[in-house]
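Understanding the architecture of this molecule
If you want the building blocks of each chain, they are given just below.
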Amino acid sequence: MRSLPILLDQFFVKKMFHNKNIYQPLQSAVSVGCSCPSSRVLLPAGCSSLATVTATVTDEDSHQAPSKSVARRLILLRHAKSSWDNPSLRDHDRPLSKDGQDDAAAVAQKLQLSGWIPQLILSSDATRSRETLKIIQEQVPDLLDADVHFISSFYSIASMDGQTAEHLQQAIQQAVCRYSCDEIHTVMCVGHNRAWEEAASMFTGASVELQTCNAALLEATGKSWEQA
């Protein structure tokens, strides 16, 4: 019987976005069971051995933080499992398998239960990413209100080492610049490995594994996405 994704706390995120192109790991000691802000990963149900890991850090930018800073949330969702039944299809055009369709429906419910409903969705234009998003929107009607943009580079960046985090940062900042700072609090990016694992690991400063239809839930605080 296949395991379905569940929600587990895993990592604390110091800064999700900043002006530098270098994403450094947390430098403070790690403690278990501390009630700090955290990122979370939607993981297979069999991963019960993962502990809640958090860390307390000193934010050198805290003196610049405005009084109206709010939580900014980023969902990095890897597409659901794709089908290999038709070998004549290009990789870009492969659809979801039946298992992938079921997993997309399941992760949609987990997102809804967790309260992570994006106002903005940026997705790879690959068929399996489009179909994953379509199923999630069908399962969670609130997601139909989100502004959706399909970005072809989210497909090609998956094979380019070391560039995904910066590319996501730029894509999100370009997309949110058309809104006021209070309109977009949660953004979801739908894409591929190894790019999404790499980005989640760089943003958190820890190793993050994303199997198909897993989602890393990242959170930081700031008046704008650039400051968060």
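Being a predicted model, the structure only gives us computed values, none of them experimental.

Scoring rules and cut-offs
- Residues numbered from 1 in each chain as written.
- Predicted model: local features only at pLDDT ≥ 70, side-chain atom pairs only at ≥ 80, totals over all residues.
- Heavy atoms only, no water.
- Helix = DSSP H or I, 4+ residues; strand = E, 2+ residues; numbered from the N terminus.
- Buried < 20%, exposed > 50% of the residue type's maximum accessible area, 1.4 Å probe, protein only.
- Areas by Shrake-Rupley, 256 points an atom, 1.4 Å probe, with all protein chains shown as cover.
- Salt bridge = Lys/Arg side-chain N within 4 Å of Asp/Glu carboxyl O.
- Pairing = 2+ DSSP bridges.
- Expected span 1.5 Å × (residues − 1).
- Contact = heavy atoms within 4.5 Å.
- Core = buried A, V, L, I, M, F, W, Y, C linked by side-chain atoms within 4.5 Å.
- Right-handed = clockwise from strand over helix to strand, strands pointing away.
- Axes fitted to C-alpha atoms, helices over the stretch in contact; angles between N-to-C directions.
- Parallel < 35°, antiparallel > 145°, perpendicular 65-115°, else oblique.
- Nonpolar A, V, L, I, M, F, W, Y, C, P; charged D, E, K, R; others polar.

1. Some thoughts on the overall build of the protein
Along the backbone of the protein there are five helices and nine strands. Listed by position from the N terminus, the elements making up the protein come as β-β-β-β-β-α-β-α-β-α-α-β-α-β. Buried positions account for 45% of the 228 residues belonging to the protein. When the accessible area of the protein is evaluated, it comes to approximately 11,200 Å², of which 50% is carbon and sulfur surface.

2. A closer look at the pattern of salt bridges
Tallied over the full model, the rule gives six salt bridges. For Arg90, the salt bridge goes to Asp93, with nearest N and O atoms at 3.0 Å. Look at Asp93 and you get partly exposed, because its relative accessible area is 26%. Ionic pairing is found between Lys98 and Asp102, a salt bridge with its closest N-O pair at 3.0 Å. Of the two residues, Lys98 and Asp102 are both situated in helix α1 (residues 98-114); the distance of four residues between them amounts to about one turn of the helix.

3. Some words on the pairing of strand β5 (residues 70-78)
Sheet topology places β5 next to strand β9 (residues 215-222); eight bridges connect them, and they run antiparallel. Looking across to β9, one finds that Leu77 is bridged to Ala215. Where β5 and strand β8 (residues 186-191) come together, six bridges link them in parallel fashion. Looking across to β8, one finds that Leu74 is bridged to Val187.

4. Here we look at helix α4 (residues 164-176)
The end-to-end C-alpha distance of α4 is 18 Å, a good match for the 18 Å that 13 residues give at a rise of 1.5 Å each. Within α4 the residues assigned to the buried category are Thr164, Ala165, Leu168, Gln169, Ala171, Ile172, Ala175 and Val176. In this structure, the buried residues of α4 make contact with β5, β6 (120-124), β7 (147-151), α3 (153-156), β8 and α5 (195-204).

5. Digging into the nonpolar core
In this structure, Leu76, Leu122, Val187, Cys189 and Trp196 are the most contacted members of the largest nonpolar core, which totals 28 residues. Listing elements by their share of this core, those giving two or more residues are β5, β6, α4, β8, α5 and β9. Per-element tally for this core: the top contributor is α4, with six residues. In this structure, Cys189 is in contact with Leu74, Ile75, Leu76, Leu77, Leu122, Phe154, Leu168, Ile172 and Trp196, ignoring residues within four places of it in sequence. If you look at the next biggest cluster of nonpolar residues, it comprises 22 residues, including Ala105, Ala108, Val140 and Ala215.

6. Some points on the pairing of β6
Most of β6 sits out of view: five of its five residues are buried. Alignment of β6 against β7, held across five bridges, turns out to be parallel. The residue of β7 that forms the bridge with Leu120 is Asp147. Note that the unit made of β6, helix α2 (residues 127-139) and β7 has a crossover that is right-handed.

7. Focus on unusual backbone geometry
In this model, Asn193 is joined to Arg194 through a cis peptide bond whose omega is 5 degrees. Looking at the secondary structure, you find Arg194 in the loop between β8 and α5. If you check the backbone angles, Cys213 has positive phi at about 65 degrees while not being a glycine. With respect to the helices, strands and loops of the structure, Cys213 is situated in the loop between α5 and β9. Residue classification places Cys213 among the buried residues on the basis of a relative accessible area of 1%.

8. A short note on the side chain of Gln137
Within the secondary structure, Gln137 sits in helix α2. Not counting the four nearest positions on each side in its chain, Gln137 is found in contact with Ile121, Leu143, Leu144 and Val148.

9. A word on the packing of α4 against α5
Two numbers describe how α4 lies on α5: the axes approach to 8 Å, and their chain directions differ by 85 degrees. Classified by the angle between their axes, α4 and α5 sit roughly perpendicular to one another. Here α4 contributes Thr164, Ala165 and Leu168 to the contact with α5, which in turn contributes Ala195, Trp196, Glu198, Ala199, Met202 and Phe203. Taken together, the residues of the contact of α4 with α5 sort by class into seven nonpolar, one polar and one charged.

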